[in-house]
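Close look at the chain arrangement
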Number of protein chains: 2
Amino acid sequence: MRYLFVFLFSCCSYSSVLAQNHVLVIHGGAGSLTPGSVSPGKEAAYRHGMQKALNAGNRILKNGGTATDAVVAAIKVLEDDSLFNAGKGAVFTAAGRNELDASIMDGKTLKAGAVAGVTTVKNPITAARAVMDKSPHVLMAGKGAELFAEKQGCTIMPASYFRTEEQYNTIMDIRRAEQKEQEQKHGSLRQPENPDFKYGTVGAVALDKYGNLAAGTSTGGMTNKSFGRIGDSPIIGAGTYANNNTCAISCTGWGEYFIRLVMAKSISDRIELAHMSLDDAANEMMMKRLPELGGDGGMIGLDRKGNIVNYFNTPGMFRAYIKWNGESAIEMYRK
Amino acid sequence: MRYLFVFLFSCCSYSSVLAQNHVLVIHGGAGSLTPGSVSPGKEAAYRHGMQKALNAGNRILKNGGTATDAVVAAIKVLEDDSLFNAGKGAVFTAAGRNELDASIMDGKTLKAGAVAGVTTVKNPITAARAVMDKSPHVLMAGKGAELFAEKQGCTIMPASYFRTEEQYNTIMDIRRAEQKEQEQKHGSLRQPENPDFKYGTVGAVALDKYGNLAAGTSTGGMTNKSFGRIGDSPIIGAGTYANNNTCAISCTGWGEYFIRLVMAKSISDRIELAHMSLDDAANEMMMKRLPELGGDGGMIGLDRKGNIVNYFNTPGMFRAYIKWNGESAIEMYRK
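Everything quoted here is computed from the prediction, not taken from an experiment.

So, about the relation of the copies chain A and chain B. Related by rotation about an axis and a shift along that axis, the two copies of the chain form a pair. By a simple turn and slide, chain A fits onto chain B: the slide is 0.0 Å along the axis, the RMSD is 0.0 Å, and the turn is 180°. This pairing of chains is accounted for by a two-fold axis. Interface residue correspondence from chain A to chain B reaches 100%, placing this contact among same-surface, isologous pairings.

All right, on to the sheet that holds strand β11 (residues 308-312) of chain B then. Residues and elements named next belong to chain B. Taken together, the four strands give an open sheet; going across it, the order is β8-β9-β10-β11, and neighbouring strands pair in antiparallel fashion. Two strands bound the open sheet, and with one partner strand each, they are β8 (240-242) and β11. Shown here is a sheet whose adjacent strand axes are inclined to one another by a mean of 10°, direction ignored. For strand β9 (residues 248-253) and strand β10 (residues 297-302), the ladder comprises six bridges, and the chain directions are antiparallel. Its bridge partner lying in β10, C251 is registered against M299. Strand contacts of helix α8 (residues 263-273): β8, β9 and β10, with the helix running at about 30° to β8, the strand carrying the most contacts. Along the sheet, helix α9 (residues 278-293) makes contact with β9, β10 and β11, crossing β11 at roughly 5°.

Most of α8(B) is tucked away: ten of the eleven residues are buried. B:M263, B:A264, B:K265, B:S266, B:I267, B:S268, B:D269, B:R270, B:I271 and B:L273 are the residues of α8(B) that are buried. On its buried face, α8(B) sits against α8 (263-274) of chain A together with β8, β9, α7 (255-260), α9 and β10 of chain B. Among the residues trailing α8(B), B:H275 stands out with phi positive, at a value near 55°.

A positive phi angle, close to 45°, is found at A:V262, a residue other than glycine. Within the fold, A:V262 resides in the loop between α7 (255-260) and α8. Looking at A:V262, the relative accessible area reads 1%, which means it is buried. Its identity is not glycine, yet B:H275 carries a phi of approximately 55°, on the positive side. The topology assignment puts B:H275 in the loop between α8 and α9. Take B:H275: its relative accessible area is 68%, and that puts it in the exposed class.

Turning our eyes to something else, we now look at the pattern of salt bridges. In total, this model carries 26 salt bridges over all chains according to the counting rule given. Between A:E43 and A:R47 there is a salt bridge, with its nearest N and O atoms 3.3 Å apart. Here the residue A:E43 and the residue A:R47 both occupy positions in helix α2 (residues 40-62), the gap between them amounting to four residues, near one helical turn. Among the charged side chains, a salt-bridge network with shared partners connects A:R270, A:E284, A:R289 and B:E272.

The subject of this paragraph is the interface of chain A and chain B. The interface is formed by 39 residues belonging to chain A together with 39 residues belonging to chain B. In total, chain A and chain B occlude about 3300 Å² of area from one another, counting both sides; carbon and sulfur atoms represent 66% of this. Three residues, A:H137, A:R260 and A:L273, lead the burial of chain A against chain B; their summed loss comes to 19% of the area buried on that side. The interface formed by chain A and chain B holds four salt bridges in total.

A few words on the packing of α8(A) against helix α9 (residues 278-293) of chain A. Residues and elements named next belong to chain A. Two elements in contact, α8 and α9, have axes whose closest approach is 8 Å; the angle formed by their N-to-C orientations is 135°. One finds that α8 runs oblique with respect to α9. α9 is crossed by α8, and the crossing has right-handed handedness. Along the contact surface, α8 presents M263, S266, I267, R270 and I271, while α9 presents L278, A281, A282, E284, M285, M286, R289 and L290. Within the contact of α8 with α9, the residues separate by chemical class into nine nonpolar, one polar and three charged.

Cut-off values and rules
Numbers given for residues are sequential positions, taken from 1 along each chain in its written order. Labels follow written order: the first chain is A, the first ligand is 1, and so on. Per-residue local features of the predicted model are confined to residues with pLDDT of at least 70, and side-chain atom pairs are confined, for both listing and counting, to 80 or more; whole-chain, interface and lining totals are unaffected and use all residues. Computation of side-chain values: all heavy atoms of the structure, hydrogens and water removed. We superpose the copies by least squares over the C-alpha atoms of residues that have a pLDDT of at least 70 in both of them. We call two residues contacting when some pair of their heavy atoms lies within 4.5 Å. At least two DSSP bridges between two strands are needed for those strands to be called paired. Under the DSSP-based scheme used, a helix requires at least four consecutive residues in state H or I and a strand at least two consecutive residues in state E, with every element numbered from the N terminus. Every axis corresponds to a line fitted to the C-alpha atoms, with the helix fit spanning only the stretch in contact, and the corresponding angles, defined between N-to-C directions, vary from 0 to 180 degrees. Each residue is placed in one exposure class: buried if its accessible area under a 1.4 Å probe, protein chains only, is under 20% of its type's maximum, exposed if it is over 50%, and partly exposed if it falls in between. The working definition used for a salt bridge is a side-chain nitrogen of Lys or Arg within 4 Å of a carboxyl oxygen of Asp or Glu. When two components associate, each loses some accessible surface as probed by a 1.4 Å sphere; the sum of these losses over both components is called the buried area. Note that the term roughly parallel is reserved for angles under 35 degrees, roughly antiparallel for angles over 145, roughly perpendicular for angles of 65 to 115, and oblique for everything else. Left-handed describes a crossing whose near helix is turned anticlockwise from the far helix through less than a right angle; right-handed describes the clockwise counterpart. All amino acids are sorted into three groups, where Ala, Val, Leu, Ile, Met, Phe, Trp, Tyr, Cys and Pro are nonpolar, Asp, Glu, Lys and Arg are charged, and the leftover types, Gly among them, are polar.

Okay, structure coming up:
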């Protein structure tokens, strides 16, 4: 009788995990956002964009879809929204192009897919997903990645689709400033001077009804980046990582530092190997190791129990979540 | 007096570390090598190539050069040797091109540089080093990486330089076999059928007189890889990682699995976070986690105390080392 009770109890708690605990967390980049730095109208537009992304992903999770599907759905919305630096609205490279990177990882199978430096795929996250599902590869770059994505049915757009006047004006402003600087013989990688965000990567992490985690990230990279530069967003272990045994992570920030720190995997390994909580692991990497090395940025994370974290050492970060019970929040500034 | 003794003793042991403990370890890829599978003449050529690489790197370490310089020098020799799948002698992609990847990391500063998909740089490891030393970036790909490398003074060659008849014949053999397979409607990523090696990446890890570690890797990738495919070799944390506090690692193998496992960083994190020895950490990742996921390949590793490891779950791996005291070995087969 006692064993039957234990058995039934186990089944119940298992099925309650199955039926309830889905969570979706998204981010839209980290940067110099402070209250009052964004007009009320624009703030409403950012919030609306994040709400749409939450809705798209949550609809899938609620209906029994997978974490991977939810991550793709949420990121597609952010890619299509020209306010965020991914897909339409991507920033310009120094050569005046839009070069897009994206990656996705499935925490159940540790399968992963990524594309780097694509210029024609409307939704780079769908190309990353195609690399994961339909190729023997993990990372594909440039023209080869574009040809593969087209073959797999991803929507292809002319390069002009990604151009927005706001990002174009930003790169033009930087060029003018650079010309001035060059006259003063002082050269470095100039950061974008868009006051809304410095690192406009978008990302999502999700936990589905089956207890599986997934993570995805998509970006136009850094404004004024060199032709061919690849940041952390398409790098599994740096910008994106998911493992059912630990957590799902998506990062945004000065990608070079996230690559050197192997940020997402370092957080996961602190959970797996040092038995830290997701919160402690993310805190150590983001608030200690990252600034120690001189980098900045932000991240979102989620574990299998539905614990959510976000850390950023920039003034603000676009971030939002929705839980199985309807609890939800959208935030932009430091609390 | 007692304190003076302790002080002198400390100085002596410090200076003995400074003056003696340099170590260089190299690899030339892992594969289906078994005794008798390579002709005596070819075996001698492989050994000669590895000896030349050891000499080039060791000369630098002996003369007080840095681990980073030694890694570059050793890898350049292997890239120039057409027997190894890096630089000259790189395998062909499915599109009939040679696309080269390389990366380097300095364990003292955690600075890193990498290039992916370059087709014109004679020594991709020098391009990776230029990205580390002379750009604000870590990873650059394709044409942008080539233009940067040329600007930094890396030697540029016509694409035809990388072609060797042996690798060209291999890709032609595979294409013929694929045509046959396609008739039987069976498609997958075909592995190279070169009996000498399956994964011909080259790499080096070094410890210099100053106690600093460095790691580097260079490859032509997998024979018959898709256009634009990037493996683990240029990915910091996957194919290459170095950190003075833990170890220096260079991997070779089925890159997709090394990316998904974030192999090199996973070994380092086992040392840092689970306090495992380099040997135990590498053993767990290479002989348990890698085959569990279905991958294969090899790695070399080195820690600050001069401990050397190599693991491979393929029949053989080209590998060699030389220590400060002249102790040296060159091996190809499983012991």
